[in-house]
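Below, each chain spelled out in residue letters.
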Amino acid sequence: MTALSPHLRQATPVVAARGEGVHLFDQDGRRYLDFTAGIGVTSTGHCHPKVVAAAQEQVGTLIHGQYTTVMHQPLRRLVDKLGEVLPAGLDSLFFTNSGSEAVESALRLARQATGRPNVLVCHGGFHGRTVAAASMTTSGTRFRSGFSPLMSGVVVTPFPTAYRYGWDEETATRFALKELDYTLQTISSPADTAAIIVEPVLGEGGYVPANRGFMEGLRERADRHGFLLILDEVQTGVGRTGRFWGHDHFGVTPDILVTAKGLASGFPLSGIAASEELMTKAWPGSQGGTYGANAVACAAACATLDVVRDEKLVENADAMGKRLRHGLEAVADRTPGIGDVRGLGLMLATEFVTEDGSPDPETAARVQRAAVDEGLLLLLCGAWNQVVRMIPALVIDETAVDEGLQAWATAVEAGTSGASPR
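Not measured: the values here are computed from a predicted model.

Student: Give a description of the environment of asparagine 211 that names residues and reports values.
Tutor: Note that asparagine 211 resides in the loop between β7 (193-198) and α8 (212-225). Residue asparagine 211 is classed as buried on the basis of its relative accessible area of 8%. For the pair asparagine 211 and valine 201, spaced ten residues apart in sequence, the C-alpha separation works out to 9.1 Å. Those residues in contact with asparagine 211 that lie beyond four places of it in its chain are Pro160, Glu169, Thr173 and Phe250. There is a polar contact of 2.8 Å between the side chain of asparagine 211 and the side chain of threonine 173.

Student: Can you explain the pattern of salt bridges? Please cite residues and give values.
Tutor: Under the criterion given, the structure shown has 19 salt bridges. The partner of glutamate 403 in a salt bridge is arginine 31, and the shortest N-O contact between them spans 2.4 Å. Taken together, the residues span a long stretch of sequence, with glutamate 403 in helix α13 (residues 398-416) and arginine 31 in strand β3 (residues 31-34) at a distance of 372 residues. Of the charged contacts in the structure, one is a salt bridge between arginine 389 and glutamate 204, with a shortest N-O distance of 2.9 Å. Note that arginine 389 is positioned in strand β15 (residues 387-390) and glutamate 204 in the loop between β7 and α8, a separation of 185 residues in sequence. With relative accessibility at 12%, the residue glutamate 204 sits in the buried group. Here the residues in one salt-bridge network are Lys81, Asp306, Arg309 and Asp310, joined through shared partners.

Student: Go over the sheet that holds strand β1 (residues 16-20) with me, naming the residues and quoting the values.
Tutor: Strand order in this open sheet of four strands is β1-β2-β3-β13, and the pairing throughout is mixed. This sheet does not close on itself; its edge strands, each paired only once, are β1 and β13 (376-377). Note that strand β2 (residues 23-26) and β3 share three bridges and pair antiparallel. Among the inter-strand pairings, leucine 24 is bridged to a residue of β3, identified as tyrosine 32. The sheet contacts of α13 involve β3 and β13, and relative to β3 the element is tilted by about 100°.

Student: Quick one: what's the story with unusual backbone geometry, residue by residue and with numbers?
Tutor: Among all residues except glycine, the phi angle is most often negative; among peptide bonds, the trans geometry is most common. Cis geometry is found at the peptide bond from serine 148 to proline 149, where omega equals 5°. In this structure, cysteine 47 takes a positive phi of about 55° despite not being glycine. When its relative accessible area of 52% is taken as the criterion, cysteine 47 is described as exposed. Of note in the backbone geometry, tyrosine 207 takes a positive phi value of approximately 60° without being a glycine. As for its position among the elements, tyrosine 207 is in the loop between β7 and α8.

Student: Summarise the sheet that holds strand β11 (residues 338-344); cite the residues concerned and give the values.
Tutor: Ordered in space as β11-β12-β15-β14, the four strands form an open sheet in which the pairing is antiparallel. Both edges of this open sheet fall to β11 and β14 (379-381), since each of them pairs with a single strand only. Within the sheet, the average angular offset between the axes of one strand and its neighbour, ignoring direction, is 30°. With three bridges connecting them, β14 and β15 associate as antiparallel partners. The residue bridging leucine 380 from the neighbouring strand is valine 388, located in β15.

About the criteria used
- Each chain carries its own residue numbering, running from 1 in the direction its sequence is written.
- For a predicted model such as this one, the threshold for reporting local features is a pLDDT of at least 70, and the threshold for listing and counting side-chain atom pairs is 80 or more; totals across whole chains, interfaces and linings nevertheless cover every residue.
- Calculation of side-chain values draws on the structure's entire complement of heavy atoms; hydrogens and water are dropped beforehand.
- Working definition: helices are DSSP H or I runs of at least four residues, strands are E runs of at least two. Numbering for both runs from the N terminus.
- Categorising residues by exposure relies on relative accessible area from a 1.4 Å probe, with only protein chains included: less than 20% of the type maximum marks a residue as buried, more than 50% marks it as exposed, and the intermediate range marks it as partly exposed.
- Note on contacts: a residue pair qualifies if any of its non-hydrogen atoms lie within 4.5 Å across the two residues.
- Pairing of N or O atoms within 3.5 Å defines a polar contact, subject to two protein rules: one partner must be a possible hydrogen donor and the other a possible acceptor, and residues neighboring in sequence count only if both atoms are side-chain atoms.
- We count a salt bridge whenever a side-chain nitrogen from Lys or Arg sits within 4 Å of a carboxyl oxygen from Asp or Glu.
- A pair of strands counts as paired when DSSP detects no fewer than two bridges linking them.
- In this analysis, axes come from line fits to C-alpha atoms, helices being fitted only over the stretch in contact, and the angle between any two N-to-C directions falls in the range 0 to 180 degrees.

Laid out in C-alpha cells, this is it:
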C-alpha cells in the first residue's frame, strides 16, 4: 500500500469535504471556523463565487498556455490589474508558482543586477524550503537542517523583535540598525552585498511586525551603499495586514517585491515586481518555468483582485483585525501564560510563555488542539512553536470574529488550566 510521507502530519484532525467563506466542513458536515486560510492563501474565502466562476470559465477555454511559448489574455489582464495596486515604479513583473520560487527569482535578479554575491537576511525570517530560500530562512532549524551544505553568501542580521529582547521597540530598532551597520563593516562589505531581504511581518518567525524606523533605516542604507531592498510580501500582501501591501504601513518602497499566497485565492501563483530598468538587468534565459502564470491561476488572480477591490476587503481586514486583536488582548489580560499579542490587520498571534518568561510550546499546542474541539482551526509558529497565529480570510465579518473569540477564550482556558501565575 502507498501512503503520504509520515512527516506530512496535519495540524488538525479535520478531513475537509468542502469550504465556504471562512468555514470548512468535514465529511460528517461539521462546520469549522477556518482561521488558517490555507496558511494565508484563501484571501477571498473558500470558493468565492466570482473566483470559482472565473476559474471554471477559464478551464473550459485554455488551461495551460505556457507563457514563454505563447501569450494568453488572463496573464495580460493580471499584469494590468497588478499595475493598479503595485507601488509606483514597480512596473515589470515575472511570475512563478510558489513563494520559494519567487524569493529565489528575486535573489537571482539582485545578484545579476548588482554583480555582488551576498544577501543579508533578518534573524527570524522565513523565505521558503527550496535550497536558496531555506538558506535565507532563520525562523527555525526545521526548515534548513539535514541537507547541508546550504547556499553560501547569506549573512544574518537582527530584526527588531522587541518582545524577545525584552526591550521597547525604539531600543530594539536602534540595536538592529546598529548591528546591520556592524555587519556591513565586519562580515559583508557593501561592495559584496547584493540585497537585504525582509518580511514586513515575520511569518513563521512568530508574527512580529517591523516598524517605520527600522524599514526607513533599511531603505536609507540600501540607497547609501547601492544594494537592493527586497520585501518578501508572500504572506503580508494582498490586504492581509489591513493595507494592500504590508510595507504600506511603513512608508518605504522596495526595489523588488515578492508576492504569492493570497494573490489567487488558492491557485498556485507567485511573482516578483521591479522597475523595468532593474528587471532588464536579469541575464537572458534566467527567467522562465513550465507552470508559471498558468492561465487558470491568472484568471483566478484577476477575479481575486476584483473581489478585494469591490468588496473593500483591505478596509475590512483593518476593521476586523482591530476587533479581533481587541478580543485577543482581553483574553491575554486574564491569562497569566500569555506573554504577548501582536500583529497587523488579520495577521495576529498570541505567544505563550512559562512562569519565568521562557517559550511554552506545550501550552500553545494544547490550546491549538482545544480550539479544534471548539470548532476553530488555528496554526502554530515561532522558533519553538510557542505562538498561536490567526489568519482568517479577508471576508470575515463581525459575527465570525466574535464566534472565533468565544471559541478561543474557551480553548485558552482549557489549555492553560492549572498554569502558575507569572
